[in-house]
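Summary of the model geometry
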Amino acid sequence: MKSAVENLNPTRVRLTVEVPFEELKDSLDAAYKKINQQVTVKGFRKGKIPARVIDQRFGRGAVLEEAVNDALPKFYERAVNEAEVSVLGQPEVDITELKDGDTLNFTAEVDIRPAIEIPDYSGIEVEVDAVEVTDEDIEKSVDQLRERFASTSPVERAAEDGDVVTLDLEAKVGGEVLEDGVASGVSYTIGSGELLDGIDDAVKGLEAGGEATFTSELKGGSAAGQEAEVTVKVTQVAKRELPELDDDFAQLASEFDTLEELKADSRGRLENMKKYDQATQAQERVLEKLLELVEVPVPEKLLEDEINTRKHNLEHHQLGQMGLTLDKYLELQGKTAEEFDEETRDAAVKGIKTQFVLDELVKREKLNVNQEELTEHLMRRAASSGMSPDQFAQAVVEQGQVPLLVGEVARGKALAVVVEAATVKDTNGEVVDLDDEEDEVEKTESATETVEAAEGTADQPEAEDKPEV
């Protein structure tokens, strides 16, 4: 077999392959054997029909077609290996010549990973938010804890902001009560915004036994997104009572004996959260700077597939679970279809560039993924999918996605290497040392999450077919 490669552009090649006919022998034998098992000829036992009889009865062309279909993938793979190109997706194959007993010639056009030059990234500098925990932050944290330990007591007065009301609800669309539009004994805190738009104004001022009707757009159910006439009846009004902020509350709500100890713990937790956010911010901004440094051609077919995948996942998974159509989603977001298409394209381009650049860094830096890092990543992905680690691991193995997970972690490690080489300063001008914030495994997984967000893979279903990048 002889092959040659022609670069059509930085992301696409044409392979020209010439195959001597004798190299088709194994595939021809396999074709005769396959046809032998599928057909019956009087006078011959099944599977024992001579090749000359098959040629006479069914035509040599049928045998050649079967043989070529069997052989093409093998010769194509050999040509790819000889050309030393990294192909993306499926090739467009054209058989240019097939002479029985002489030769098989074909071409294959296919997208490839572009050659990428990674410049010196040690000079990257980014600015992040300073880690500052104010007294107001601590008060807000403690107040949220108080809310969890609030008690309620029924009152005989009109409902006010902050009261907990018990409601019976009935929703009608077009004058008809919806099958899933009736609910009784619903507990609702006025002002929380957890139910329907307009319900706060409807129930405020009502006492137990009071009733009101209002219109609202339904957020879920069989008529999600439609305007409904909602009748609400208040069956009870209760006042929320927050516990006193004192040492007794600290002992009730935590393992601490005093309120000051509780506040000190809240400060520490808030600092850790802000340090984590700061590290994530550093990763995101370093990645942005890195992508700006590198020229990355993007294969058009790959980009088209990625855009279609993102749209499909949004429409049929994320929005489908919320009972929304794409048109309704765009209306709620205040976006036109053109703006949505442009944003989706930009995000897809960024995702592909992120993979290409970080994969190149993985090769350049000779980065490997160890079992602990892979296990940590698998545990997090299992938790986000709602599956147990064992179930998730089994699904990953069955779907052949272990290499994909390894690739995700490897790209996270590559980003961590770049972040470590970068200069990170906070808004106060202080250099931020991120090395002390997490151990190596946690740092890798944190960077992997950032990469997933940039690639747009964090929320995609595991089983969803995605373009192979």
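Nothing here was measured: the structure is a model prediction, and the numbers come from that model.

The next subject is the overall build of the protein. Of regular secondary structure, the protein possesses 14 helices and 11 strands. Computed over C-alpha atoms, the radius of gyration of the protein comes to 32 Å, more than 25% over the 23 Å expected from 2.2 N^0.38 for 469 residues, which places it beyond the range of a compact globule. Dimensions along the principal axes, computed over C-alpha positions, put the protein at roughly 100 × 65 × 40 Å. Within the protein, buried positions represent 40% of all 469 residues.

Glancing now at helix α14 (residues 440-455). Every α-helix winds through 3.6 residues per turn, so residues three or four apart in the chain are directed the same way. Between its first and last C-alpha atoms α14 spans 22 Å; for 16 residues at 1.5 Å apiece the expected length is 22 Å, and the two agree. Most of α14 is tucked away: 12 of the 16 residues are buried. For α14, the full list of buried residues reads V441, K443, T444, E445, S446, A447, T448, T450, V451, E452, A454 and E455. In this fold, the buried residues of α14 make contact with α7 (259-293), α8 (300-322), α10 (337-365), α11 (371-385) and α13 (402-421).

Tallying each qualifying case throughout the model produces 40 salt bridges. Its salt-bridge partner being K25, residue D29 comes within 2.8 Å of it at the nearest N-O pair. Of this pair, D29 and K25 both sit in helix α1 (residues 25-38), four residues apart, roughly one helical turn. Between R380 and E445 there is a salt bridge, with the nearest N and O atoms lying 2.3 Å from each other. Here R380 is found in helix α11, whereas its partner E445 is found in helix α14, with 65 residues between them in sequence. According to the relative accessible area criterion, E445 is buried, its value standing at 5%. Here the salt bridges share partners, and the residues they tie into one network are E6, R12, R14, E92, E109 and D111.

So, on to unusual backbone geometry. Unusually for a residue other than glycine, E84 sits at a positive phi of about 55°. Mapped onto the elements, E84 comes out in the loop between α3 (60-83) and β3 (87-99). Its relative accessible area of 73% is what places E84 among the exposed residues.

Moving on, we come to the packing of α7 against α14. Running from amino to carboxyl end, α7 crosses α14 at an angle of 55°, the nearest separation of the two axes being 10 Å. The orientation of α7 with respect to α14, classified from their angle, is oblique. In the crossing of α7 with α14, the sense of the turn from one axis to the other is right-handed. Between α7 and α14, the contacting residues are Y276, T280, Q283, E284 and L287 on the first element and K443, S446, A447, E449, T450 and A454 on the second.

Here the focus is the packing of aromatic side chains. The final tally for this structure, using the stated rule, is one aromatic pair. Ring centres of F149 and F249 lie 6.3 Å apart, and the angle between their planes is 90°; on these two criteria the pair is classed as edge-to-face. Within this pair, whereas F149 is found in the loop between α4 (135-148) and β6 (151-154), its partner F249 is found in helix α6 (residues 247-253), the two being separated by 100 residues in sequence. The exposure class assigned to F149 is partly exposed, which follows from its relative accessible area of 30%.

What follows is about the nonpolar core. By size, the foremost hydrophobic cluster in this structure holds 41 residues, and its most contacted members are I124, L290, L358 and L361. Breaking this core down by element, the ones donating at least two residues are β5 (125-128), α7, α8, α10, α13 and α14. Take this core: its biggest share by element is eight residues, from α10. In this structure, L361 is in contact with I118, Y121, L290, K366, A414 and V418, ignoring residues within four places of it in sequence. One finds F21, A67, F75 and V110 within the second-largest nonpolar core, a separate group that totals 32 residues.

Rules of the game
Residues numbered from 1 in each chain as written. Predicted model: local features only at pLDDT ≥ 70, side-chain atom pairs only at ≥ 80, totals over all residues. Heavy atoms only, no water. Helix = DSSP H or I, 4+ residues; strand = E, 2+ residues; numbered from the N terminus. Rg over C-alpha atoms; globule rule 2.2 N^0.38 Å. Buried < 20%, exposed > 50% of the residue type's maximum accessible area, 1.4 Å probe, protein only. Expected span 1.5 Å × (residues − 1). Contact = heavy atoms within 4.5 Å. Salt bridge = Lys/Arg side-chain N within 4 Å of Asp/Glu carboxyl O. Axes fitted to C-alpha atoms, helices over the stretch in contact; angles between N-to-C directions. Parallel < 35°, antiparallel > 145°, perpendicular 65-115°, else oblique. Left-handed = near helix turned anticlockwise from the far one by under 90°. Phe/Tyr/Trp six-rings, centres within 6.5 Å; stacked < 30°, edge-to-face > 60°. Core = buried A, V, L, I, M, F, W, Y, C linked by side-chain atoms within 4.5 Å.

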